[in-house]
Amino acid sequence: MAEVIKKIEDMKKKAGLLRARAQTVGFVPTMGALHEGHLSLIRRARAENDVLIVSIFVNPAQFDKGSDFRSYPRQFESDLAIASQEGVDVVFAPDGDEMYPAGHSNHVEVTGGLTKGLCGASRPGHFRGVATVVEKLFDIVRPDRAYFGRKDYQQAVIVKRLVRDFGFDIDVVVLPTVREPDGLAISSRNQNLSDNERQKALSIYRALARASELYDSGERDTKVIGREMRNILNEWGITRIDYISVVDPETLEDVEATRAGVVVAIAAWVGDTRLIDNMALGVGSERQLFLDKAHTV
């Protein structure tokens, strides 16, 4: 059974002991409701480190609405059982008062181009909350490697920048999006979808796959690609779209002409559930890798 630590002071003592023993620490920060996407990170971290720490903390600072925060799935006992089964050594599970005690007034403000577009434009303050909690967790856990999923691509880029700007000696490992057999990106929010909404949600992957197909066939105009993607979503009844963007993989700035490696990204509402997904274009694109994998299963 994984050791459960709920106090920051205790987690810091544990981290100090691990460093004194010269043991490498892999860290997977989560908000719980563990699924195969999380497990891909956990398994990679387990294979690459002496000690594996997973945090479970539903971070209120990154939610736009209190109702979203309150409705976020919480299943700590089953998460703990899954973590233990996967060989996690420590589960760090602080509560809100522990991470944000009374009078907490300092936050990590993310400025510059990384938050101007994508989710930064439609969710003001979200990445301020993400960066703040990640900085706090890194300081508490002091990992050698931290693992994030590509589905939250903008978040991963921002975390990498945070590590660079604050001088953390941490290797940020970003792993591919884990998908259902039909292509839908696995997400904790998928459980909020009805059967009909689940079918509509698949159009997000289909739109991304279409963008990849267009690129592979020689189309470079992002307006053409974006229009085709929007048409697919609309055909499936998805009309509430936060963004359809084609961006530089490092700066996250919009590009007018595609090239290998650019990222196409979507955020759209299926019913009352907001879903995000993305895909890199070009040789060795995620679409082709996914199709190759599906073909061999």
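1. Overview of the overall build of the chain
- Across its full length, the chain holds eleven helices and nine strands.
- The dimensions of the chain, computed from C-alpha atoms along their principal axes, are 55 × 45 × 35 Å.
- Here the chain holds 297 residues, and 52% of them are scored as buried.
- Taking the intrachain contacts of the chain between residues at least 6 apart in sequence as the baseline, contacts between residues at least 24 apart amount to 73%.
- A total accessible area of about 14,200 Å² is found for the chain, and carbon and sulfur atoms account for 47% of it.
- A distance of 1 Å separates the average location of the 39 positive side-chain charges in the chain from that of its 43 negative side-chain charges.

2. Remarks on the pattern of salt bridges
- Overall, the coordinates contain 18 salt bridges when judged by the stated rule.
- K14 is the salt-bridge partner of E3, the closest N and O atoms lying 3.1 Å from each other. Here the residue E3 occupies a position in strand 1 (residues 3-5), and K14 occupies one in helix 1 (residues 8-20), the gap between them amounting to eleven residues.
- On the basis of relative accessibility, which here comes to 36%, the residue E3 falls in the partly exposed class.
- The exposure class of K14 is partly exposed, given its relative accessible area of 21%.
- Across the pair E9 and K13 runs a salt bridge whose closest N-O atoms are separated by 3.6 Å. Linking E9 with K13, this pair stays in helix 1, spanning four residues, or about one helical turn.
- A single salt-bridge network, built from bridges that share partners, covers E36, R43 and E86.

3. What about the packing of aromatic side chains?
- Counted by the stated rule, this structure contains six aromatic pairs.
- Ring geometry for F63 against Y72: centres 5.7 Å apart, planes inclined by 75°, an arrangement best described as edge-to-face. With respect to class, F63 is no different from Y72; both count as buried.
- By way of ring pairs, the aromatic residues F27, F138, F166 and F168 are connected into one cluster.
- Above the face of the F76 ring, K6 is positioned so that its terminal group lies 5.9 Å from the ring centre.
- A cation sits over an aromatic face here: R220 above Y215, 3.8 Å from the ring centre.

4. Things to note about the environment of A211
- Mapped onto the elements, A211 comes out in helix 9 (residues 195-216).
- The sequence separation of A211 and L281 amounts to 70 residues, and the corresponding C-alpha distance is 7.8 Å.
- Filtering out sequence-adjacent residues up to four positions away, A211 remains in contact with I225, M229, V264 and L281.

5. A short note on the side chain of R274
- By the element assignment, R274 lies in strand 9 (residues 273-280).
- On the basis of relative accessibility, which here comes to 11%, the residue R274 falls in the buried class.
- At 3.1 Å, the side chain of R274 and the side chain of S122 are in polar contact.
- A distance of 2.7 Å separates a polar atom in the side chain of R274 from a polar atom in the side chain of D242.

6. Points about the packing of helix 1 against helix 7 (residues 126-141)
- Two numbers describe how helix 1 lies on helix 7: the axes approach to 7 Å, and their chain directions differ by 50°. Classed by the angle they form, the pair helix 1 and helix 7 counts as oblique. For the pair helix 1 and helix 7, the contacting residues are I8, M11, K12 and A15 in the first and D139, I140 and V141 in the second.
- A breakdown of the residues in the contact of helix 1 with helix 7 according to their chemical character gives five nonpolar, no polar and two charged.

7. Observations regarding helix 10 (residues 222-235)
- With 14 residues, helix 10 ought to run about 20 Å at 1.5 Å a step, and its terminal C-alpha atoms sit 20 Å apart, in line with that.
- Of the surrounding secondary structure, the elements contacted by the buried residues of helix 10 are helix 9, strand 7 (241-247) and strand 8 (263-270).
- One side-chain oxygen at the N-terminal end of helix 10 lies 2.8 Å from the backbone nitrogen of K223; it belongs to D221.
- G237 lies just past helix 10 and shows a positive phi near 85°.

8. Quick look at the sheet that holds strand 7
- Read across the open sheet, the three strands follow the order 7-8-9; overall the sheet is antiparallel. Two strands lie at the open edges of the sheet, namely strand 7 and strand 9, each paired on one side alone. Put simply, the sheet's adjacent strands are angled 10° from each other on average, direction ignored.
- By the bridge criterion, eight bridges tie strand 8 to strand 9 in an arrangement that is antiparallel. Each bridged residue has a counterpart across the sheet, and for A268 the counterpart in strand 9 is L275.

Calculation rules
- Residues numbered from 1 in each chain as written.
- Predicted model: local features only at pLDDT ≥ 70, side-chain atom pairs only at ≥ 80, totals over all residues.
- Heavy atoms only, no water.
- Helix = DSSP H or I, 4+ residues; strand = E, 2+ residues; numbered from the N terminus.
- Buried < 20%, exposed > 50% of the residue type's maximum accessible area, 1.4 Å probe, protein only.
- Contact = heavy atoms within 4.5 Å.
- Areas by Shrake-Rupley, 256 points an atom, 1.4 Å probe, with all protein chains shown as cover.
- Lys, Arg positive; Asp, Glu negative; His and termini not counted.
- Charge placed at Lys NZ, Arg CZ, Asp CG, Glu CD.
- Salt bridge = Lys/Arg side-chain N within 4 Å of Asp/Glu carboxyl O.
- Phe/Tyr/Trp six-rings, centres within 6.5 Å; stacked < 30°, edge-to-face > 60°.
- Lys NZ or Arg CZ within 6 Å of the ring centre and 35° of its normal.
- Polar contact = N/O pair within 3.5 Å; in protein donor to acceptor, adjacent residues only side chain to side chain.
- Axes fitted to C-alpha atoms, helices over the stretch in contact; angles between N-to-C directions.
- Parallel < 35°, antiparallel > 145°, perpendicular 65-115°, else oblique.
- Nonpolar A, V, L, I, M, F, W, Y, C, P; charged D, E, K, R; others polar.
- Expected span 1.5 Å × (residues − 1).
- Pairing = 2+ DSSP bridges.

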